[in-house]
Amino acid sequence: MPGESDFINWIRTQQRSGQNIILPAGDDLAILRWSSDDLLVAGVDQVLDGVHFDSSKHTPRSIGQKVMNRNLSDCAAMACLPVAALATVALPANCNLSYAKELYLGLKSAADPFDCAIIGGDTASWPHPLAFTVTILARSAGIQPITRRHARPGDAIYVTGPLGGSILGRHMTFSPRIHEARDLATRFPLTAMIDLSDGLSRDLAHICQQSGVGAIVESSLVPIHPDAIELSRQDHRPPLQHALHDGEDYELLFTCSGPCDSAIRIGRITAGQGLQLQTDQGLQPLPSLGWQHSI
Ligand SMILES: [Mg+2]
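K.L.:
Is there a simple way to think about the environment of Arg237 in this case?
P.N.:
Mapped onto the secondary structure, Arg237 falls in the loop between α7 (226-235) and α8 (239-245). Setting aside residues up to four positions removed in sequence, Arg237 forms contacts with Ser232 and His242.

Rendered as structure tokens:
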């Protein structure tokens, strides 16, 4: 990209120190302050043009927001608090400075509400579509991180919102459920949690596999998003199928060993293995179709 050094210099003007940031981006490495009783929780996520977004349709700001929000949603999934992020971007050779700035401002606009600093990264140009990766550093901040591994038979299964049809636009504009996750983890006996990126059937299978349990989902309890109904009009697949199998809802899916009045109960964990769907016709297998990320 012409002006790549201008881009890096401009990014440096966007930096700030903070409570946990002793030295922001601009040196070889950034320096963070980390309290001795905090766990460091880290992860990475990438988005690719043509897979997770479509650069001919989506604005650079919304693309930046999405890659940051996917990482923030992973923080929500473990009920931890984001502290800082590192970003790498491979820019298409024809990309200009204002486009690159908009990508960065998208990152920043998603990170700022959660007080998450962008403390470094790397940029390069290449003769291929945009590829964008964010690494997130988070802290447990007084709550033991909720993993996928401790769901037990008899636990109830919950989601935090209606599902399906995110491809109509919500997959670019969702809000990470960090505050909701921290609130839930504080008030209720959560046993496992995941954010719904791959779709309810696939993400519930992840919890079940890692906990060594099965699950029954009650079809009448699954909350269906209006987008799932709209999409059903277009493709004639039932709205429930969209709610069960579409991806990128970015709501939380969790199991709880006691009652929870702050989310929507959709089923229960069982002994044994496999997912089943309870319908008017009885129990049937629930295949983990999930979505293979596509736009
Ligand atoms: Mg996740």
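Once the structure has been displayed, the description carries forward.
K.L.:
Help me out: how do you make sense of the pairing of strand β12 (residues 274-279) in this one?
P.N.:
Side chains on a regular strand alternate between the two faces of the sheet. Relative to β12, strand β9 (residues 214-218) is paired through five bridges, and the arrangement is parallel. Looking at the pairing, Ile216 lines up with Gln276 of β12. Both β12 and strand β13 (residues 282-285) contribute to a ladder of four bridges, which runs antiparallel. Directly across from Thr279, in β13, lies its bridge partner Gly282. Count of turn residues in the β12/β13 antiparallel hairpin: two residues.

K.L.:
What is the right way to look at the sheet that holds strand β3 (residues 40-48) in this model?
P.N.:
Hydrogen bonding along the main chain pairs the strands of a sheet, whether they run parallel or antiparallel. Read across the open sheet, the four strands follow the order β3-β6-β4-β5; overall the sheet is mixed. Strands with a single pairing partner mark the edges of an open sheet, and in this sheet they are β3 and β5 (117-126). Averaged over all adjacent pairs, the angle separating strand axes in this sheet is 15°, with direction ignored. Pairing between strand β4 (residues 81-92) and strand β6 (residues 131-139): nine bridges, direction antiparallel. Across the sheet, Ala90 pairs through a bridge with Ala131, a residue of β6.

Analysis parameters
Residues numbered from 1 in each chain as written. Predicted model: local features only at pLDDT ≥ 70, side-chain atom pairs only at ≥ 80, totals over all residues. Helix = DSSP H or I, 4+ residues; strand = E, 2+ residues; numbered from the N terminus. Contact = placed C-beta atoms within 7 Å. Pairing = 2+ DSSP bridges. Axes fitted to C-alpha atoms, helices over the stretch in contact; angles between N-to-C directions.

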